Every structure is written in structure tokens, then in C-alpha cells.
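Spelled out, the chains give:
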Amino acid sequence: MTAISQPAGQSFNRTLSGLVGLAAIVGCGVAGYFLFPDNLALLTRIVAVALLVLSLDLVTGYCGIATLGHAALFGAGAYGAGIAAAHFGVVSPLAMTGIGLAAGAVAGLISGVVLLRAHGLAQLVLSIAVVHLFHEAANKASGWTGGSDGLSGISPDPLLGLFEFDLWGRTVYVYAVVLLVIVFVLLRFVVHSPFGMLCRGIREDKVRVHAMGASVHGAQLRMFVISGAVAGVGGALNAISTQVVGLDSLSFTLSAEALVMLVLGGVGSLYGALIGTVAFMWFEDVVSAANPFHWLTMVGVLLIAVVLFAPRGLYGSAAALLTRGSGRR
Amino acid sequence: MSTVFEVTRLRKNFGGLTVTDDVSLSMATSDRLALIGPNGAGKTTFVNLVTGNLAPTSGTVTLAGADITRLNAMQRVRRGLVRSFQVTRLFQEMTPEEHVALAVLQREGRTGRLFGDFRRMPRVMEEVRDILGTLGLDGLATRKVSEIAYGQQRLLEIALALALRPRVLLLDEPAAGVPQSDTGRIERALEMLPPDLAVLMIEHDMELVFRFARRVIVLAAGKVIFDGLPDDVVKDARVREAYLGSYAQ
Ligand SMILES: Nc1ncnc2c1ncn2[C@@H]1O[C@H](COP(=O)(O)OP(=O)(O)O)[C@@H](O)[C@H]1O
Ligand SMILES: [Mg+2]
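Residues numbered from 1 in each chain as written. Chains lettered and ligands numbered in written order. Predicted model: local features only at pLDDT ≥ 70, side-chain atom pairs only at ≥ 80, totals over all residues. Heavy atoms only, no water.

Please explain the UniProt feature "transmembrane region" (unreviewed entry) in chain A as it appears in this structure.
Residues and elements named next belong to chain A. According to UniProt, the feature "transmembrane region" (unreviewed entry) maps to residues 12-36, 42-59, 71-88, 94-116, 172-191, 224-247, 259-283 and 295-322 in the numbering used here. Secondary structure content for residues 172-191 is 100% helix and 0% strand, while the C-alpha to C-alpha distance between its ends is 28 Å. Annotated as 89% helix and 0% strand, the span residues 295-322 places its first and last C-alpha atoms 32 Å apart. (UniProt positions renumbered as here; feature names shortened; annotations may be inferred. Helix = DSSP H or I, 4+ residues; strand = E, 2+ residues; numbered from the N terminus.)

Encoded structure:
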């Protein structure tokens, strides 16, 4: 019987750790609401970017594809939701989110088709090209996107017809946290599913995966689409909360920052993605207020310190320390 | 016994160098065939050609009557042609249990599922435990591969192959790199392979070859120089010459 109870126990532990993580996210969300009532716009922005970083983690952390163009997926979601609202009068926040999700998924498919044609360094260069192309396309199609002035005229209806988007950003913050919780729960299922396991295998050894009769390319492309949907929700959330969409939402800079946040928190874990985003954006906010001239230098120093002293990122290193500690008992 | 696997005049040139020189062989169900030959004879290359990891210059490969020469590595596995690797290729961050579960799920076409933990799939878990138990790996089921001994990793390679339920199994030096004291476990694992499976094994340890194989093929410089019974191979003049030649180098 022990042989049977052991794996079931593992599965139980995983459920437990998932619930603890979920409680932590909800707890932080509630705490943020009451502790920083004047900063809800920043907190909402953090959630939107966290969705981008989670999305990046799916392809980089779980499939092993490094990309510096992931904001293309986020921007597609933001423009999708923004254009639907500004040009087609789709102003229901849920519909805007759905459109952002779909636009992100399509952008993920396009990115995936292009990036998966190359490997290694060539793939990284292609990813930069992709985000520049998306950026240029949005810039040129200024009739639709507002070009470099940004897309304005987005005024979402009350959420569910009940909750107005207020000036303090309370409604949109609650909506953001709810979205994050839903996405997090779904992604936990995905990364622990047979498909998630296949992707982890692909990250480690593609030849072995082929030798098991599984399609590497098909799985990676599928993960790109899922990832695009997640980033697209983040983009739509950003459009709903700020009511403008700028070209910076599909910039190389945002792509690179997302990768930095992921590395900071820890690649290949959903918690790492969340912690990296919060740490980076909080640090950026504090330091840029304290010293507007040298904050970038400090961000650089922080990153170097993490890479040198905690190479698995904040979460990854802490988790490794904990398991080593409990292993010694 | 019927022919399940046939290779006809398979050839591979690397530039000017012919590494596989018109090799032909056929295997029947239940075959236990050893492919031997000096280092650099082209044994691994032969396996790579047959499994679709390398494209042949010419020749054909048939599995269960169907020409699979144009299929890629993945498609050949799905049709039942499975291999192991001379140097283990496993997922270092994953557990033996996850490896075997992944293979079982893949065989059943279920690795696309986005929901559900295999640990909660009773049938999958039963098979995983069964396979790991047969190979004596049940105690290590939830350890990371990077933490288990190399000999056990070799057993896990065999476990993976079994979980795919192949028709033809190609084992590339299954005992390579394993300390002498542990080769017994690998040999027992080989004895437990399903009787109707056709197995081709590349191996250097001649004692293992004699105990395992009912037929031996000797490859030298890319050519088949012997195909016959184990008892006859040591008496064969060309085989002796090939081995002596390689040792004299
Ligand atoms: N990709 C390659 N390019 C050129 N020569 C190769 C390549 N792969 C293998 N060879 C050569 O083919 C010969 C056979 O190699 P291999 O099949 O690994 O031999 P074995 O497994 O019998 O020891 C060797 O001489 C090796 O150098
Ligand atoms: Mg070899």
C-alpha cells in the first residue's frame, strides 16, 4: 500500500502548495488594495505586466525558447481590445478582454511560426525582428492605432453593467486581481498536465522527445498560442485600465524588461514570474522616485547581484535553499 | 515467425567517406540479434539511419511490410520502431515516474491534454508502477534523474522503450558506462523483454552477447562481414581479422 499512497501523497502536496500559492496571491491583492489605496494604478499595471511575464515563462521557462520579442503578444492584446472599443464600440470590459485574448493568441501563433524556424542565437535575433515589425505595423497603421500619439477614445462600460471604472482605479484593480487568479489557476493546470510535462521534456532534450514519438514543433507552437492568449489578456487589461494604448506596449524595451523580470524571479516557475515582476516594478518605482537620474544604474546593479548570487532567480534560489534545508533534516 | 523489419542496401556517405556500405538485414518477431564490430565500424550510424535520425544516401527500411524510409524519426516511433541511446538521453530535471508516464501517455496519444495530473490517472499509474517495478526502479520513482546512478539511468532508458510498446527495439550499447558489478541488472532487464518483440542490440561485452543473442551480425568499416550463429562468429576468419586490424591500429 505504501507504493500506492506515495504518488498520491505527492499529488496531494502539489494541490496543497497550489492552494497556498493562491491564498498568497489573493492575500497580496487584498493587502495592496488597503495598504496602497493611492497607488492602485501602479498595482494594476504590475498585474498586467505580470500576465506578460507569466506568458513569457510559458515559452522560455517551460519550453526553453528565449525570446526578446514577447511584448508583441501583449501589444496585440492591448491594440485588439483598444481598437474594438475605440472603432467598433465594443466597450464591455469582458468582451474587450476576450478580444485581447484572441488577438494575443493570433500574435502568438504568428510569432511561433516565425521563431520556431530558427534555433539558438538566430531565434533570439528573429524575436527582436518580430517585435520591431509589430511595432512598425502599429506605427504605420495610424488610422487604426493612433500611431505614435497612441490610441485613445477607449471608455469601457461598467463591469458586468454594475461596477463603474472609478477615478481611483478600484474597480479595475479588483478586476485585474480576479483575472490574475483565474489565469494563475488555469496555468497551474496546464504546467502540471501531460502537455506541460511534454514541454518540460522538450526544454531538456528534443531528440529524446522525438524518440518517444512526440512532435516537438507542434507542442511548442501550441504553447506559443496559449502564451499569446495570456499576454493578450494582460494587454487588454492595460488598455481597460489606462484607456489608452501606446506603441510602448509592443516595444523591444518592454520585451527585454519582461525577460529581465523573469530571470530576476526565476525561470520555469509561475511563482518566479510573479515575484520577479513585483520585485522589479516595485524596485523601479521606489528607486526612480528616490533618484530619477540613476535609477537605471541601480536596477542594473540589482540584476547583476541576482544573477551572480542567486542565479536561479529570487524564487528559484529560495526554493532550492528550502528543499536543501528540509533534505538535511 | 514473420519478418517485421527489413533493411535493404542501406548506404551513408559523409562526404567521401562511406560509413554504411550497402547494409542489408531482416528481422523476425522474437529475434534476438546482436550487432557487433570494432569502434568506428558504423554501428551507431546504422541505428541513426534506421530510426530516421540521419538521412541515408540510398537504400530502404521496411517495418511490418510498409516502407518507412521517407518517414521522420517521430513517425517511425509511432509505428513501433523504438531505440535507446548509447549515451543516455533522459530529462535530468524529471523523475523516472514522469519519464515512463510521458511515454505511456504519448503511446496513447494523450500528451496534448491540458488538464489532469497523471498521478491521478489510475491506469497510467498502474502501468508506470508495473514497468518501474519490473526493472527494479520502483524505489526511485520520484527522484530526479540527475540524482540516480548511471546504471539505473540505463535501466530507465529500457523502461522508456518498453512503455512505448515497440515492435522492433534497437538498443545501442545498453550496458555502456555501467560498472561491471551492475551489468547483471541490465542483463536481467534484457531477459525480461517481451518474447514477441524483435530486438537488435549493439554490444561490446562478448559474454553478454553470447548469453543474449541467437544471431550475430558483424559490421566492419560499414560492411556486414558476418551474419550467423553466435557459435560460429569466433571461428570466422574475416571477423578475427577485422578485430585484430582494429586493435593493431
Ligand atoms: N556526422 C558525421 N560526419 C562524418 N563522419 C561521421 C559522422 N558520424 C559518424 N562518422 C564516422 O562514421 C564512423 C562510424 O561511426 P559510428 O557509427 O559512431 O561507429 P560505432 O558506433 O560503430 O562505433 C566513424 O569513423 C565516425 O568518425
Ligand atoms: Mg556507437
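So what exactly am I meant to see when it comes to empty space enclosed by the protein here?
Over the atoms rolls a probe the size of a water molecule, and in doing so it shows where empty space is left. Evaluated as defined, the whole model comprises 2 cavities of 30 Å³ or more. Space inside the largest cavity adds up to approximately 50 Å³. If you trace the largest cavity, you find it lined by Ala211(A), Thr51(B), Asn53(B), Ala73(B), Val77(B), Leu81(B), Val82(B) and Arg83(B). Put simply, the parts of the chain that give the lining of the largest cavity at least two residues each are helix H2 (73-78) and strand E6 (81-83) of chain B. A per-element tally of the lining of the largest cavity places E6(B) first, with 3 residues. Of the residues assigned to the lining of the largest cavity, the class counts are 5 nonpolar, 2 polar and 1 charged. (1 Å grid on protein atoms, 1.4 Å probe; cavity = no way out; pocket = protein on both sides within 12 Å on 5 of 7 lines; lining within 4 Å. Points joined across faces, edges and corners; volume = space filled by probe spheres on them. Nonpolar A, V, L, I, M, F, W, Y, C, P; charged D, E, K, R; others polar.)

When you look at the layout of surface pockets in this model, what are you seeing that I'm missing?
A volume near 1800 Å³ is recorded for the largest pocket. As for the largest pocket, its lining consists of 37 residues, and the residues nearest its centre are Gly268(A), Ser269(A), Tyr315(A), Ala319(A) and Lys144(B). Mapped onto the lining of the largest pocket, the elements with two or more residues apiece are helix H1 (2-35), helix H7 (170-192), helix H8 (194-204), helix H11 (252-265), helix H12 (270-290) and helix H14 (313-328) of chain A. Here the lining of the largest pocket gets 7 residues from one element, more than from any other, and that element is H14(A). Across the lining of the largest pocket, the residue classes break down as 12 nonpolar, 13 polar and 12 charged. The calculated volume of the second largest pocket comes to roughly 750 Å³. Lining the second largest pocket are 28 residues; nearest its centre among them are Cys28(A), Gly29(A), Ile46(A), Leu274(A) and Val278(A). Elements represented by at least two residues in the lining of the second largest pocket include exactly H1, helix H2 (40-60), H7 and H12 of chain A.

Looking at this structure, I do not really get the confidence of the model for chain A. What am I missing?
When the pLDDT values of chain A are averaged, the result is 89; 95% of them are 70 or greater. Low pLDDT (under 50) marks residues 1-7 of chain A, which in the prediction has 7 contacts with non-local residues, meaning those over four places away or in another chain. (pLDDT = per-residue confidence, 0-100. Contact = heavy atoms within 4.5 Å.)

Just to check I follow, could you spell out unusual backbone geometry for this structure?
Glycine aside, negative phi is the norm for most residues, and most peptide bonds take the trans geometry. Unlike most non-glycine residues, Glu173(B) shows phi in positive territory, near 45 degrees. Topologically, Glu173(B) is positioned in the loop between strand E7 (168-172) and helix H6 (183-191).

Sorry, what's going on with the packing of aromatic side chains here?
Geometry of an aromatic ring pair is reported as the spacing of the ring centres plus the angle between the planes. Enumeration over the complete set of coordinates arrives at 6 aromatic pairs over all chains. Between Tyr271(A) and Tyr315(A) the ring centres are 5.5 Å apart and the planes differ by 45 degrees, which places this aromatic pair in the tilted class. Taken together, the residues Tyr271(A) in helix H12 and Tyr315(A) in helix H14 connect sequence positions 44 residues apart. For Tyr271(A), a relative accessible area of 18% corresponds to the buried category. A connected cluster of aromatic rings, assembled from ring pairs, spans Tyr33(A), Phe34(A) and Tyr173(A). When the ring centre of Phe195(A) is taken as origin, the NZ or CZ atom of Arg222(A), which lies over that ring, is 4.7 Å away. Note that Arg89(B) overlies the ring of Phe85(B), its terminal NZ or CZ placed 5.5 Å from the centroid. (Phe/Tyr/Trp six-rings, centres within 6.5 Å; stacked < 30°, edge-to-face > 60°. Buried < 20%, exposed > 50% of the residue type's maximum accessible area, 1.4 Å probe, protein only. Lys NZ or Arg CZ within 6 Å of the ring centre and 35° of its normal.)

Would you explain the interface of chain A and chain B in this entry?
Where interface size is quoted, it is often the accessible area lost as the parts come together. Counting residues at the interface gives 33 residues for chain A, matched by 39 residues for chain B. Among the residues chain A hides against chain B, the three largest losses belong to Met197(A), Arg208(A) and Met212(A). Together they make up 23% of the total. For the interface between chain A and chain B, the tally reads 3 salt bridges. Where Arg89(B) meets Asp205(A), a salt bridge forms, and the shortest distance between an N and an O atom there is 2.8 Å. (Buried area = accessible area lost by both parts, 1.4 Å probe. Salt bridge = Lys/Arg side-chain N within 4 Å of Asp/Glu carboxyl O.)

How should I be thinking about the packing of helix H3 (residues 71-88) of chain A against helix H4 (residues 93-115) of chain A in this particular structure?
Working note: a packed helix pair is described by the angle between its axes plus the distance between those axes. Residue and element names in this part refer to chain A. Closest axis-to-axis distance for the H3/H4 pair is 7 Å, and the angle between their directions is 140 degrees. As the angle between them shows, H3 and H4 are arranged oblique. For the pair H3 and H4, the crossing hand works out as right-handed. Listed contacts from H4 to Ala72, Leu73, Ala76, Gly77, Gly80, Ala81, Ala84 and Ala85 of H3 are Met96, Ile99, Gly100, Ala103, Gly104, Ala107, Gly108 and Ser111. (Axes fitted to C-alpha atoms, helices over the stretch in contact; angles between N-to-C directions. Parallel < 35°, antiparallel > 145°, perpendicular 65-115°, else oblique. Left-handed = near helix turned anticlockwise from the far one by under 90°.)

It is not clear to me how the sheet that holds strand E1 (residues 3-14) of chain B should be interpreted in this structure. Could you clarify?
Pairing between sheet strands relies on hydrogen bonds along the backbone, with the strands arranged either parallel or antiparallel. Residue and element names in this part refer to chain B. Across the sheet, 4 strands lie side by side as E2-E1-E4-E5; this open sheet has antiparallel pairing. For this open sheet the edge positions go to strand E2 (17-28) and strand E5 (66-67), each flanked by a neighbour on one side alone. In terms of strand pairing, strand E4 (residues 58-63) meets E5 through 2 bridges, oriented antiparallel. Along E5, the bridge assignment pairs Leu63 with Ala66. Lying over the sheet, helix H1 (residues 43-51) contacts E1, E2 and E4, oriented at roughly 115 degrees with respect to E1. (Pairing = 2+ DSSP bridges.)

Got a minute to help me understand the coordination of the magnesium ion (ligand 2) in this structure?
Under perfect tetrahedral coordination by four donors, a metal shows angles of 109.5 degrees; under perfect octahedral coordination by six donors, it shows angles of 90 or 180 degrees. Residues and elements named next belong to chain B. Of the protein atoms, only Thr44 (OG1) and Gln86 (OE1) coordinate the magnesium ion (ligand 2), at distances of 2.0 to 2.3 Å. Taken as a pair, Thr44 in helix H1 and Gln86 in the loop between E6 and helix H3 (96-107) lie far apart in primary sequence, 42 residues in all. Overall, Thr44 belongs to the partly exposed group, its relative accessible area being 27%. (Donors = N, O, S within 2.8 Å, 3.2 Å for Na, K, Ca; no water.)

What am I meant to see in the site of ligand 1 here?
All names here are of chain B. Taken together, the residues surrounding ligand 1 are Phe14, Val19, Asn39, Gly40, Ala41, Gly42, Lys43, Thr44 and Thr45. Within the backbone of Ala41, an N or O atom sits 3.3 Å from an oxygen atom of ligand 1. With respect to ligand 1, the side chain of Thr45 contributes an N or O atom lying 2.5 Å from an oxygen atom. For ligand 1, the accessible surface in isolation is 570 Å², of which the surrounding protein chains cover 58%. Counting residues per element, the shell around ligand 1 draws most heavily on H1, which supplies 3 residues. Tallied by class, residues from the shell around ligand 1 come to 3 nonpolar, 5 polar and 1 charged. (Near = heavy atom within 4 Å. Polar contact = N/O pair within 3.5 Å; in protein donor to acceptor, adjacent residues only side chain to side chain. Areas by Shrake-Rupley, 256 points an atom, 1.4 Å probe, with all protein chains shown as cover.)

Please clarify how the nonpolar core should be interpreted in this entry.
Within soluble globular proteins, side chains that are nonpolar tend to cluster in buried spots. Membership of the largest hydrophobic core comes to 155 residues, with the highest contact counts inside it found for Leu54(A), Leu237(A), Val100(B), Leu193(B), Val216(B) and Val218(B). Take this core: its biggest share by element is 14 residues, from H2(A). Not counting the four nearest positions on each side in its chain, Leu237(A) is found in contact with Thr44(A), Val47(A), Ala48(A), Leu51(A), Val172(A), Tyr175(A), Ala176(A) and Leu179(A). By size, the runner-up hydrophobic cluster in this structure holds 26 residues, among which are Val7(B), Leu33(B), Leu49(B) and Ile202(B). (Core = buried A, V, L, I, M, F, W, Y, C linked by side-chain atoms within 4.5 Å.)

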